[in-house]
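So the chains spell out like this:
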Amino acid sequence: MRIAKRLLTITLLGCSLGAAAQDGAELAAQFAAYLKRATDNGSWPVVVAGHVSQTASSTAVFTAAGDASSDSRFALGNSASIYAGLLLADLASSGRLRLDDPISRYLPADFRCADTRVCAITLQQLAAQDSGLPPLPANLFPRNPQQPWREFGEAELLDFLVNYRLPADPPSRESALGLVLLGWILSNIESEDYTNILSRRIATPLGLSATGNSNTDLLPGHRDGIELLPASASGLGASLALRSTVGDQLKLLQAMLRPVDSPLRAALLLSRQPRNARSSFGLGWRINMAREENEEWPVVWQAASGNGYASFVGFRTDRQQAVVLLANADTSLMPLGLSILGATSPQRPPQVEVALANPGEFAGLYEFSPGVQLLVRDSAGVLTAQPSGRLAARMKPLGDDLFELAGSAVQLSFQRDVLGRIETLRWAENGIIVPVRRLSARAPQLARAAVEMPREALAAFCGDYVVDEDVLARFHCSPRPALQFSAGALRELSAYAPDRFVSDDSEFEVIAERGSAGEVQALRLVMLGSETRLPRTQWQQAPADAQRWLQQQRAENAAARTLAARQAEAKTETPATAASVDPSHIPWLRELPAPVAAAAVAPAEKAATAASAPDAQMPPKSPVSTRRGELPAKANPVKSPIPAKVETLPEREPRHRFVPQRTEDKKQ
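So, here's what we can say about the structure. (Residues numbered from 1 in each chain as written. Predicted model: local features only at pLDDT ≥ 70, side-chain atom pairs only at ≥ 80, totals over all residues. Heavy atoms only, no water.)

Focus on the overall build of the protein chain
Moving on, step 1. Counting its regular elements, the protein chain contains 17 helices and 27 strands.
Moving on, step 2. Of all 668 residues assigned to the protein chain, the portion counted as buried reaches 48%.
Moving on, step 3. Long-range contacts, defined as pairs at least 24 residues apart, comprise 61% of the intrachain contacts of the protein chain with a sequence gap of at least 6.
Moving on, step 4. Surface summary for the protein chain: the accessible area is close to 31,900 Å², and the carbon and sulfur share equals 52%. (Helix = DSSP H or I, 4+ residues; strand = E, 2+ residues; numbered from the N terminus. Buried < 20%, exposed > 50% of the residue type's maximum accessible area, 1.4 Å probe, protein only. Contact = heavy atoms within 4.5 Å. Areas by Shrake-Rupley, 256 points an atom, 1.4 Å probe, with all protein chains shown as cover.)

Structure, rendered in structure tokens:
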């Protein structure tokens, strides 16, 4: 009966694949059984899987209940980076830009980053997660943490570049900010919304009709048992907010496996090449090496989990195999995806939350060592754990005495005495187990009576404070005092004494530190006995004319692109008809600023006059140009055999982590 309720039909993509799909295109039985158990126990409400083997492909939908099909759409999360990388590769292969262009090339001529290394970061480094930028910008303070990029605009992005300094030795880390910055630059180059560029240059040529930013047919996501439906994204966050189907993802992977017949052949091959120093990232793709028959073969993949969704896409050219996994819960699909591609051993299904009969029995004060404590709180049946110096995290019950901290790989295992009373717990993190003894069965909480603070006095605290080199804390004064960490939620505060505040959930206290003139110069953040000093800071704003310059550049680029399209249409006209260009008679020119319109008309008139001359000849083709506002000649695809391995493109010179800025990249 349960199997009858399960939608587990195989859908063949392409009428010519029917026979082949019966000969190995389906998922191996062990992985299908894995997904059946995982959806039965609630690890994921729905998983849609796609598999490619040689020229055959199939899809399967696993669900214990609910309405889902192979046409259901899922949020891709950070897996959308493969599209940003492919778009970058397409623009590079067509000569619109160079991979080693520093971002300064696409900023105003007099724009200065606080750290010159930031302005020297290249487009390739952004796509290959080799920029050293933090995961999120320190000046990201969303009203709703589930939609972090909604209020983060061009002005905030420029402010970040003006103020941020890289660490002395930038760590290797993935950065959603880097992908947002890349999407913004590509949009400026094309003078078009990111979603429209992606549709025009990538989705349409590959036939990806269901890939975009809309929420049409989007399955609701799930996190911590709560159903989520993300809002449609726009603006700077569009590059991270793609939705798609298993069918579209399979089309993309089939093109990656066999790019020879694709109109994007050059871009497909370029995007999957190793592009960072460790050869672990391509343009948006991760690259692992799998050993088989004493040889190593690249496994090219990407995965994401969070905000109610999980995804995995990956392929191997040596096997001509690809897999797509899309789910509407944020438990990671990466272990399963890599197992299917043979890069790791199969994993057991993820554990799911269980109901607790008596959550309160776990609450109390525990001690790692003298002065380093752990506080477990019970708030209406929801348990949280807060170590000294950290904010509290929700405890997800996985068994009677086993918990996992939300958003981390930390597990807590409680130990009982012979009478069944909890006396210790074991903190397991990164393979290390630390015993933690229980000091008290009650969670201590000091009573703090709130006092009124006049608005004028409260204004002295408003502003930003430095937590570390990547994180700020913002003190909000209205409608009531609150502290917000970068990309986090507002934590409302209550004043209980002059210059002292406590969070409404009692997780931390804030104590003001004043200078000799009485000004607030720092905050002291106290979390379970651990104190951190947060010095006050004031970020410099980007030059006011920077955005005006960018708007002008976008207008000029758009005019040049429109002119090229008009000139292509004019090729069908007679020379006499095309010899005169009157801006007053062309609506699209009348809408442009006068200087831009004049610049657009002059080349057209010159070309028309030359074409009308009796001895006119076609000029020789000019080399590809990458200067702003110019359209290069289209690159001809290179016909070469498809490599079994990922081959490294030849380089004229070694690439350094930070490419020095070229003098010609700046306007003098």
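Now that the structure has been shown, we can carry on.
Description of the state of the cysteines
Moving on, step 1. All chains considered together, the criterion is met by 2 disulfides.
Moving on, step 2. What pairs with cysteine 113 in a disulfide is cysteine 119, and their sulfur atoms sit 2.0 Å apart. Disulfide cysteine 113-cysteine 119: the torsion about the S-S bond is 75°, which places it as right-handed.
Moving on, step 3. The class for cysteine 119 is buried, based on a relative accessible area of 4%. (Disulfide = S-S within 2.5 Å.)

Some words on the sheet that holds strand E15 (residues 393-397)
Moving on, step 1. An order of E12-E13-E14-E15-E16-E17-E18-E19 is seen for the 8 strands of this closed barrel, with the pairing classed as antiparallel. The average undirected angle you get between the axes of adjacent strands in this sheet is 30°.
Moving on, step 2. The pairing of strand E17 (residues 411-416) with strand E18 (residues 422-429) spans 6 bridges and is antiparallel. Within E18, the residue paired with arginine 416 across the bridge is isoleucine 422. (Pairing = 2+ DSSP bridges. Axes fitted to C-alpha atoms, helices over the stretch in contact; angles between N-to-C directions.)

Section: the pattern of salt bridges
Moving on, step 1. According to the stated counting rule, one finds 30 salt bridges in the structure shown.
Moving on, step 2. The closest approach of N and O atoms between arginine 421 and aspartate 417, which form a salt bridge, is 3.1 Å.
Moving on, step 3. Between glutamate 509 and arginine 448 there is a salt bridge; the shortest N-O distance is 2.6 Å. Of the two residues, glutamate 509 is situated in strand E25 (residues 509-514) and arginine 448 in the loop between strand E19 (432-440) and helix H13 (455-458); the sequence distance between them amounts to 61 residues.
Moving on, step 4. On the basis of relative accessibility, which here comes to 17%, the residue glutamate 509 falls in the buried class.
Moving on, step 5. One network of salt bridges, in which partners are shared, links Asp90, Arg96, Glu190, Glu192, Arg200 and Arg201. (Salt bridge = Lys/Arg side-chain N within 4 Å of Asp/Glu carboxyl O.)

Observations concerning the environment of leucine 206
Moving on, step 1. Inspection of the secondary structure assignment puts leucine 206 in helix H9 (residues 194-206).
Moving on, step 2. The sequence separation of leucine 206 and glutamine 254 amounts to 48 residues, and the corresponding C-alpha distance is 10.0 Å.
Moving on, step 3. Ignoring any residue separated from it by four or fewer positions in sequence, one finds leucine 206 in contact with Leu86, Lys251, Leu252, Ala255, Ser262 and Leu264.

Description of the sheet that holds strand E21 (residues 471-476)
Moving on, step 1. The 8 strands are arranged E20-E21-E22-E23-E24-E25-E26-E27 in a closed barrel whose pairing can be described as antiparallel. Neighbour-to-neighbour, the strand axes of the sheet open up by a mean angle of 30°, direction not taken into account.
Moving on, step 2. Where E21 lies against strand E22 (residues 482-485), 4 bridges are found, and the strand directions are antiparallel. Along E22, the bridge assignment pairs arginine 474 with glutamine 484.

Thoughts on the environment of phenylalanine 160
Moving on, step 1. Considering the arrangement of structural elements, one finds phenylalanine 160 in helix H7 (residues 154-163).
Moving on, step 2. Note: C-alpha distance between phenylalanine 160 and cysteine 113 (47 residues apart in sequence) is 8.8 Å.
Moving on, step 3. Discounting residues that sit within four places of it in the chain, phenylalanine 160 has contacts with Leu133, Pro134, Pro137, Ala138, Asn139, Leu177 and Trp539.

Comments concerning unusual backbone geometry
Moving on, step 1. Residue serine 478 is joined to proline 479 through a cis peptide bond whose omega torsion reads 5°.
Moving on, step 2. With respect to the secondary-structure elements, proline 479 resides in the loop between E21 and E22.
Moving on, step 3. For alanine 380, which is not glycine, the phi dihedral falls at a positive 55°.
Moving on, step 4. A positive phi is found at alanine 487, a non-glycine position, where the angle reads about 65°.
Moving on, step 5. With a relative accessible area of 19%, alanine 487 lands in the buried category.

Overview of the packing of aromatic side chains
Moving on, step 1. For the structure on display, the rule yields 14 aromatic pairs.
Moving on, step 2. With 6.4 Å between their ring centres and 70° between their planes, phenylalanine 485 and phenylalanine 508 make a pair best called edge-to-face. Of this pair, phenylalanine 485 sits in strand E22 while phenylalanine 508 sits in the loop between strand E24 (500-503) and E25, and the two are 23 residues apart along the sequence.
Moving on, step 3. Through a chain of ring-to-ring contacts, the aromatic side chains of Phe362, Tyr366, Phe403 and Phe414 assemble into a single cluster.
Moving on, step 4. Just above the ring of tyrosine 496 sits the side chain of arginine 448; from NZ or CZ to the centre is 4.5 Å. (Phe/Tyr/Trp six-rings, centres within 6.5 Å; stacked < 30°, edge-to-face > 60°. Lys NZ or Arg CZ within 6 Å of the ring centre and 35° of its normal.)

Concerning the packing of H7 against helix H8 (residues 176-190)
Moving on, step 1. It is the contact of H7 with H8, at a shortest axis distance of 12 Å, that shows an interaxial angle of 120°. Once H7 is placed against H8, the crossing between them reads as left-handed. From H7, Glu154, Leu157, Leu158, Phe160 and Leu161 reach across to H8, where they touch Leu177, Leu181, Trp184 and Asn188. (Left-handed = near helix turned anticlockwise from the far one by under 90°.)

Focus: helix H10 (residues 246-257)
Moving on, step 1. Counted at 1.5 Å a residue, the expected span for H10 with its 12 residues is 16 Å, and the 16 Å between its end C-alpha atoms agrees.
Moving on, step 2. Counting buried positions along H10 yields 10 of 12 residues, so the element is predominantly enclosed.
Moving on, step 3. Among all positions in H10, only Val246, Gly247, Asp248, Gln249, Leu250, Leu252, Leu253, Ala255, Met256 and Leu257 are buried. (Expected span 1.5 Å × (residues − 1).)

Quick word on the side chain of arginine 438
Moving on, step 1. Mapped onto the elements of the fold, arginine 438 is located in strand E19.
Moving on, step 2. At 2.5 Å, the side chain of arginine 438 and the backbone oxygen of alanine 363 are in polar contact.
Moving on, step 3. Once you skip the residues sitting within four places of it in the chain, arginine 438 turns out to touch Glu361, Phe362, Ala363, Leu365, Tyr366, Ile422, Glu423 and Thr424. (Polar contact = N/O pair within 3.5 Å; in protein donor to acceptor, adjacent residues only side chain to side chain.)

Considering the side chain of serine 311
Moving on, step 1. Turning to its location among the elements, serine 311 is positioned in strand E10 (residues 309-316).
Moving on, step 2. One polar contact links the side chain of serine 311 to the main-chain carbonyl oxygen of leucine 76, over a distance of 3.2 Å.
Moving on, step 3. Engagement of the side chain of serine 311 in a polar contact is seen with the side chain of serine 79, the distance being 2.8 Å.
Moving on, step 4. Contact partners of serine 311, with chain neighbours within four places excluded, come to Leu76, Ser79, Gln302, Ala303, Ala304, Leu325, Leu326 and Leu333.

By themselves these figures say nothing about function.
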